[in-house]
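Fold and geometry: a report
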Amino acid sequence: MLRLRGATSSVEDFTQGRFEPVIDDDRSLDRAAVKRVLVHSGKIHWDLRSELDKNPNPEIALVRLEQLYPTPIDELKAITDSYPNAELVWVQDEPENQGAWPFLALAFADVPGDREFRAVARAAAASPATGSSKVHAIEQAELLRTALTLG
């Protein structure tokens, strides 16, 4: 992440900007045409963005959750409500029983409305790491494919 140009901020962001707990997709998308909103946090954003740069899909929006606690439910709801026809998906690198999902699943349950979040994550596991870089690469590719495939 230290060498990733996209993950840098300008000096003005620190001197004139402010912290944003939720960051909406900065691509110009037709919000009514978006079918899936991928809410996520951390490094997975850059993996998802890279895949969408290679294979653009205007039916998928990326929304970054920059603050996990207290969960900015009102800000998140305002953004997800702007995509009225989209399913809401939480995406994380970690196994489903680890990372932010177990905590956020409870927070998302309190979001008013009739849309629910589902998770795209690695299978539940006792360890966050597979112990093999080859297995990790296969799992990562499958995670990205699942998150970015509509259907």
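Below you will find a few notes about this structure. Just so it is clear, the structure is predicted and the values come from calculations on it, not from any experiment. (Residues numbered from 1 in each chain as written. Predicted model: local features only at pLDDT ≥ 70, side-chain atom pairs only at ≥ 80, totals over all residues. Heavy atoms only, no water.)

Turning to the nonpolar core, a few remarks are in order. Ranked by internal contacts, the top residues of the largest apolar core, which has 23 residues, are Val37, Val39, Val63, Tyr83, Trp90 and Phe108. With four residues, helix 4 (residues 101-109) is the largest single contributor of residues to this core. Beyond its immediate sequence surroundings of up to four residues, Val63 is in contact with Val22, Ile23, Asp24, Val37, Leu38, Val39, His40, Leu76, Ile79 and Tyr83. Leu48, Leu62, Val89 and Leu148 belong to the second largest nonpolar core, which has 13 residues in total. (Core = buried A, V, L, I, M, F, W, Y, C linked by side-chain atoms within 4.5 Å. Buried < 20%, exposed > 50% of the residue type's maximum accessible area, 1.4 Å probe, protein only. Helix = DSSP H or I, 4+ residues; strand = E, 2+ residues; numbered from the N terminus. Contact = heavy atoms within 4.5 Å.)

Attention now moves to helix 5 (residues 133-148). For helix 5, with 16 residues, the first-to-last C-alpha span of 22 Å sits near the 22 Å given by 1.5 Å per residue. Buried residues of helix 5: Gln140, Leu143, Leu144, Ala147 and Leu148, and no others. Looking down the long axis of helix 5, one finds its buried residues gathered within 110° of arc, a one-sided arrangement. In helix 5, the exposed positions angled more than 90 degrees off the buried face are occupied by Lys134 and Ile138. (Expected span 1.5 Å × (residues − 1). Arc of directions from axis to C-beta.)

The next subject is the packing of aromatic side chains. A complete count under the given rule lists four aromatic pairs for this structure. Relative to Phe108, the ring of Trp101 lies with its centre 6.4 Å away and its plane at 55°, an arrangement referred to as tilted. An aromatic cluster is present here, built from Trp90, Trp101, Phe108 and Phe117 joined pairwise through their rings. (Phe/Tyr/Trp six-rings, centres within 6.5 Å; stacked < 30°, edge-to-face > 60°.)

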